[in-house]
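What the coordinates show
Read off the chains here:
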Amino acid sequence: MIPSILPTYNRAPLSFQKGEGAWLTEADGTRYLDLGAGIAVNALGHANPDLVAALTEQANALWHVSNLYNIPAQQKLADLLVEHTFADTAFFTNSGTEACELAVKMARKHFHDAGQPERTDIITFTGSFHGRSSAGIAAAASEKMTKGFGPLLPGFVNLPFGDHEALSNAITDTTAAILIEPIQGEGGIRPVPDQCLKGLRDRCNYHGILLIFDEVQCGMGRTGKLFAHEWAGIAPDIMMVAKGIGGGFPLGAVLATEKAASGMTAGSHGSTYGGNPLACAVGARVMEIMTDPAFLPEVNRKAGLLRQGLESLVASHPGVFEAVRGNGLMLGLKCIAANTDVVAAGYGEHLLTVPAADNVVRLLPPLTLTDADISEALARLDRAAAKVQASES
Ligand SMILES: *Cc1c(COP(=O)(O)O)cnc(C)c1O
């Protein structure tokens, strides 16, 4: 008999009742150290007092009004995003998938209105993840996500990750945009080197096409800059944001330059809940916290500590791990043992990590985790790795 919850997830036998900082607690009081943060969502930790205050204050005032009216919290969040990024304008969604939908629509409308309606194709890469909508799965194009769900939305050209020649050949008169995650998340914490991001920017400028970054997972302070592409010193034309921006409240956004967004006039797009007062009150608080000048330097300092510890972890368990990769607090342990065995051994040590493709264990802790949390995480990972090693030999 089918379960009352549609069984699209393989769930671990864990259930949490309460969260605080980087810790989650089960009903019987068992505490788990959370290095997954709801897959990079709880960027400021569980039950962050500032976010609880922002949410409850808004909840006591007004939950929802339509986008037919002005929404002050939405205006505040949009202004903060415009002030602190490349973008001139923002549209708010409830998820990363919806941000992908708009990014694709915006790119096509841009060229339609610019008198180049034949430019509709979006170039994407293997190993990418852009959400589970019809556009999202067509963009990522992996068999795991697309099989049985055809016919797929046309207009996506999926290329091998890192194949520069394939990219050169793929840009044609029908290309509208290149869509890429600066660091692949689901694909196994695979960073695109800075010089390649610069190269993509140059190619897009040369061909007059748009560059779209999906920073749903790697954005919002995760790499130690507000957005990951800032490390490369370049900017996209359109960017998808979600996950960390709401700190746990469902919120996403599409950020864009005035030029890229020029086709999006009144009536061309909309969302009932997108930009809802509750979500935006929390999002604005998240932005205020992350743009405090002291915030990102702390993320970088802690990322250095964790990274250093992980390098020695890998060195002391050569039968389990191969390498550390990623940037900031978006880190991957490339495994030799099965990544799912390492994640399961972590559960045994009351430690939460997240598996990713390419046999990687992902570490995406709250950006606010403490130095003591880092030491504890390394100790638990060390014990988990020792158990995996012992069970294999
Ligand atoms: C999670 C994710 C998405 C999809 O976001 P949802 O909120 O699950 O719809 C899209 N792109 C990337 C890079 C993601 O990590």
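Definitions and cut-offs
Residues numbered from 1 in each chain as written. Predicted model: local features only at pLDDT ≥ 70, side-chain atom pairs only at ≥ 80, totals over all residues. Heavy atoms only, no water. Near = heavy atom within 4 Å. Polar contact = N/O pair within 3.5 Å; in protein donor to acceptor, adjacent residues only side chain to side chain. Areas by Shrake-Rupley, 256 points an atom, 1.4 Å probe, with all protein chains shown as cover. Nonpolar A, V, L, I, M, F, W, Y, C, P; charged D, E, K, R; others polar. Pairing = 2+ DSSP bridges. Helix = DSSP H or I, 4+ residues; strand = E, 2+ residues; numbered from the N terminus. Buried < 20%, exposed > 50% of the residue type's maximum accessible area, 1.4 Å probe, protein only. Domains from an automatic or database assignment. Contact = heavy atoms within 4.5 Å. Buried area = accessible area lost by both parts, 1.4 Å probe. Salt bridge = Lys/Arg side-chain N within 4 Å of Asp/Glu carboxyl O. Axes fitted to C-alpha atoms, helices over the stretch in contact; angles between N-to-C directions. Parallel < 35°, antiparallel > 145°, perpendicular 65-115°, else oblique. Left-handed = near helix turned anticlockwise from the far one by under 90°.

1. As for the site of the ligand
Taken together, the neighbourhood of the ligand is formed by Ser95, Gly96, Thr97, Phe129, His130, Gly131, Glu181, Asp214, Val216, Gln217 and Lys243. At a separation of 2.5 Å, an oxygen atom of the ligand approaches a polar side-chain atom of threonine 97. Contact distances for the ligand include 3.1 Å between a nitrogen atom and a backbone N or O atom of phenylalanine 129. Burial of the ligand by the surrounding chains reaches 83%, relative to a free accessible area of 380 Å². Residues that form the shell around the ligand fall into these classes: two nonpolar, six polar and three charged.

2. Quick look at the sheet that holds strand E1 (residues 16-20)
Read across the sheet, four strands follow the order E1-E2-E3-E15 without closing on themselves; strand pairing throughout is mixed. Two strands lie at the open edges of the sheet, namely E1 and strand E15 (351-352), each paired on one side alone. Sheet topology note: the strand E3 (residues 31-34)/E15 ladder contains two bridges and is parallel. Bridging from a neighbouring strand, aspartate 34 pairs with leucine 352 of E15.

3. Regarding the pairing of strand E5 (residues 121-125)
Where burial is concerned, most of E5 is hidden: five out of the five residues are buried. Residues of E5 alternate between two faces, with Asp121, Ile123 and Phe125 on one and Ile122 and Thr124 on the opposite face, all of them buried. Note: E5 against strand E7 (residues 175-180), three bridges, orientation parallel. Bridge assignment links aspartate 121 to a residue of E7, and that residue is threonine 175.

4. Here we look at the domain arrangement of the protein chain
For the protein chain, the domain assignment lists domain 1 (16-34 + 294-392) and domain 2 (50-290). The gap between the C-alpha centroids of domain 1 and domain 2 is 28 Å. Of the residues lining the interface, 20 residues belong to domain 1; the matching set on domain 2 comes to 21 residues. Here domain 1 packs against domain 2, burying approximately 1,600 Å² in sum over the two surfaces, 61% of which is carbon and sulfur. Contact with domain 2 buries area across many residues of domain 1, yet Leu296, Met330 and Arg362 alone supply 36% of it, more than any other trio. Here domain 1 and domain 2 share one salt bridge between them. Salt-bridge contacts for glutamate 186 lead to arginine 362; the nearest nitrogen and oxygen are separated by 2.9 Å.

5. Section: the side chain of threonine 146
Residue placement: threonine 146 occurs in helix H6 (residues 143-146). By relative accessible area, threonine 146 is classed as buried at 11%. With residues near it in sequence (within four places) discarded, threonine 146 still touches Ile137, Ala141 and Leu152.

6. Examining the packing of helix H11 (residues 339-348) against helix H12 (residues 371-392)
Taken N-terminus to C-terminus, the directions of H11 and H12 make an angle of 125°; their axes are 8 Å apart at the nearest point. The pairing of H11 with H12 is recorded here as oblique in orientation. With respect to the hand of their crossing, H11 and H12 are arranged in right-handed fashion. Across the interface between the two elements, Asp341, Val342, Ala345 and Gly346 from H11 touch Ala384, Val388 and Glu392 from H12. A class-by-class count of the residues in the contact of H11 with H12 yields four nonpolar, one polar and two charged.

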